[in-house]
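Residue-level listing of the chains:
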Amino acid sequence: MKSVKLPKKFNHTNLDVLKQFITETGKIIPGRVSGVTAAQQRKITQSIKVARFLALLPYTDQHK
Amino acid sequence: MNNYELTLIVKQDLESRFDIFKESFDKSLSEMGFQIAHVENIGKRFLAYPIQKNNKGLYIIYQLIGSPSSVSDLENKLKYDNSLLRYLLQRVDSHSLSNSFLTQDTVEANKRAEAKLANKAKQDALEAQAKKSAVRDDAADAFQSPKNDQSSTKDDLEESAQFDEIDNDEEHSSQETEKED
């Protein structure tokens, strides 16, 4: 399991943090693989989805 | 009174009139009864994917204090604002009153883009130089040995003819074997 750096406080603007939790194709890495706690995983998932809406992160690698 | 965070993505076409847009937007916010606690002007940023065929957008993050009743007014205004690509109005527990990590990230990204451009310009210059010298070398070679080139092409032709003959022989032999069967 790869070690991840997760600060105590983060939101959808901490792209360096969130990029650790998406695959090359843009998918969110599941909690059983990422190895963080369930509460952390919920927050990460929400933050990634907000960042995607604001075009800070891609939904997929198939964008034109 | 609640705390709200409003993120705007403004169309890139507005870059020249951006200050005017921001002033009028600030004014309408205060008219609706919002207090502006902090403004973060992030500036131009590459979008992760195109929105309405726009590849870049201007990002602003407002940290606002206001009453829930004025939120619907604001939502209405944002909904029909043609200069916006996206907006996100979130209620937050408390304001950070400082810049988010997005500013830093954007500054770094812009630096990287600039460095890339500079590198590319350098490489292009080098390649152009290399091409020039290569052209000179070619010209010199052609001047020195035009006869050698001709002889080599003749040899090539002869060789290929020999190969053809061999191929034909092989074909004949295979046909013969088939007849025998």
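Residues numbered from 1 in each chain as written. Chains lettered and ligands numbered in written order. Predicted model: local features only at pLDDT ≥ 70, side-chain atom pairs only at ≥ 80, totals over all residues. Heavy atoms only, no water.

## Describing the overall build of chain B
Now for step 1: When helices and strands are tallied, chain B shows four helices and four strands.
Now for step 2: The linear arrangement of helices and strands in chain B, starting from the amino end, is β-α-β-β-α-β-α-α.
Now for step 3: Counting every position in chain B, which comprises 181 residues, the buried fraction comes to 29%.
Now for step 4: A sequence separation of at least 24 residues applies to 77% of the contacts in chain B between residues at least 6 apart. (Helix = DSSP H or I, 4+ residues; strand = E, 2+ residues; numbered from the N terminus. Buried < 20%, exposed > 50% of the residue type's maximum accessible area, 1.4 Å probe, protein only. Contact = heavy atoms within 4.5 Å.)

## A short note on the sheet that holds strand 3 (residues 54-66) of chain B
Residues and elements named next belong to chain B.
Now for step 1: Pairing is antiparallel in the open sheet, where four strands are placed in the order 2-3-1-4. Each end of this open sheet is capped by a strand with a single partner; those strands are strand 2 (35-51) and strand 4 (84-92). The average angle at which neighbouring strand axes cross in this sheet is 20°, direction not considered.
Now for step 2: Where strand 1 (residues 2-11) meets strand 3, 10 bridges bridge the pair, whose relative direction is antiparallel. Within strand 3, the residue paired with valine 10 across the bridge is leucine 58. (Pairing = 2+ DSSP bridges. Axes fitted to C-alpha atoms, helices over the stretch in contact; angles between N-to-C directions.)

## Considerations on the confidence of the model for chain B
Now for step 1: When pLDDT is averaged along chain B, the result is 81, and 77% of the positions lie at 70 or above.
Now for step 2: Summarising per-element confidence for chain B, the mean pLDDT is lowest in helix 4 (residues 146-180) of chain B (52) and highest in strand 4 of chain B (93). (pLDDT = per-residue confidence, 0-100.)

## A short note on the layout of surface pockets
Now for step 1: Its boundaries defined by the atoms lining it, the largest pocket holds a volume of some 720 Å³.
Now for step 2: Along the walls of the largest pocket sit 25 residues, with Phe10(A), Asn11(A), Glu5(B), Ser94(B) and Ser96(B) positioned nearest its centre.
Now for step 3: Secondary-structure elements contributing two or more residues to the lining of the largest pocket are helix 3 (38-53) of chain A together with strand 3 and strand 4 of chain B.
Now for step 4: At four residues, helix 3 of chain A tops the list of elements feeding residues into the lining of the largest pocket.
Now for step 5: A class-by-class count of the residues in the lining of the largest pocket yields five nonpolar, 14 polar and six charged.
Now for step 6: Reported here for the second largest pocket is a volume of approximately 380 Å³. (1 Å grid on protein atoms, 1.4 Å probe; cavity = no way out; pocket = protein on both sides within 12 Å on 5 of 7 lines; lining within 4 Å. Points joined across faces, edges and corners; volume = space filled by probe spheres on them. Nonpolar A, V, L, I, M, F, W, Y, C, P; charged D, E, K, R; others polar.)

## What to know about the interface of chain B and chain A
Now for step 1: Contact with chain B, which involves 20 residues of that partner, is made by 16 residues of chain A.
Now for step 2: Overall, the association of chain B and chain A removes approximately 1400 Å² of surface from exposure, summing both partners, and the carbon and sulfur fraction of that is 64%.
Now for step 3: Inspection of the chain B/chain A interface yields zero salt bridges.
Now for step 4: Applying the counting criterion to the chain B and chain A interface returns five residue pairs in polar contact (both at pLDDT 80 or more).
Now for step 5: Those elements that provide at least two residues to the side of chain B that touches chain A are strand 1, strand 2, strand 3, strand 4 and helix 3 (101-144) of chain B. (Buried area = accessible area lost by both parts, 1.4 Å probe. Salt bridge = Lys/Arg side-chain N within 4 Å of Asp/Glu carboxyl O. Polar contact = N/O pair within 3.5 Å; in protein donor to acceptor, adjacent residues only side chain to side chain.)

## Remarks on the pattern of salt bridges
Residue and element names in this part refer to chain B.
Now for step 1: Applying the stated criterion across every chain, the model contains three salt bridges over all chains.
Now for step 2: Across the pair aspartate 26 and lysine 22 runs a salt bridge, and its minimum N-O distance is 3.7 Å. Pair noted here: aspartate 26 and lysine 22 are both in helix 1 (residues 18-31), with a separation of four residues, about one helical turn.
Now for step 3: Where aspartate 105 meets arginine 45, a salt bridge forms, and the shortest distance between an N and an O atom there is 3.0 Å. Of this pair, aspartate 105 sits in helix 3 while arginine 45 sits in strand 2, and the two are 60 residues apart along the sequence. For the pair formed by aspartate 105 and arginine 45, the shared burial category is buried.

## Regarding helix 1 of chain B
Residue and element names in this part refer to chain B.
Now for step 1: For helix 1, built from 14 residues, the straight-helix expectation of 20 Å at 1.5 Å per residue is met to within 8% by its first-to-last C-alpha distance of 20 Å.
Now for step 2: The secondary structure elements touched by the buried residues of helix 1 are strand 1, strand 2, strand 3, helix 2 (68-79) and strand 4.
Now for step 3: In the stretch just after helix 1, glycine 33 is the one whose phi turns positive, near 95°. (Expected span 1.5 Å × (residues − 1).)

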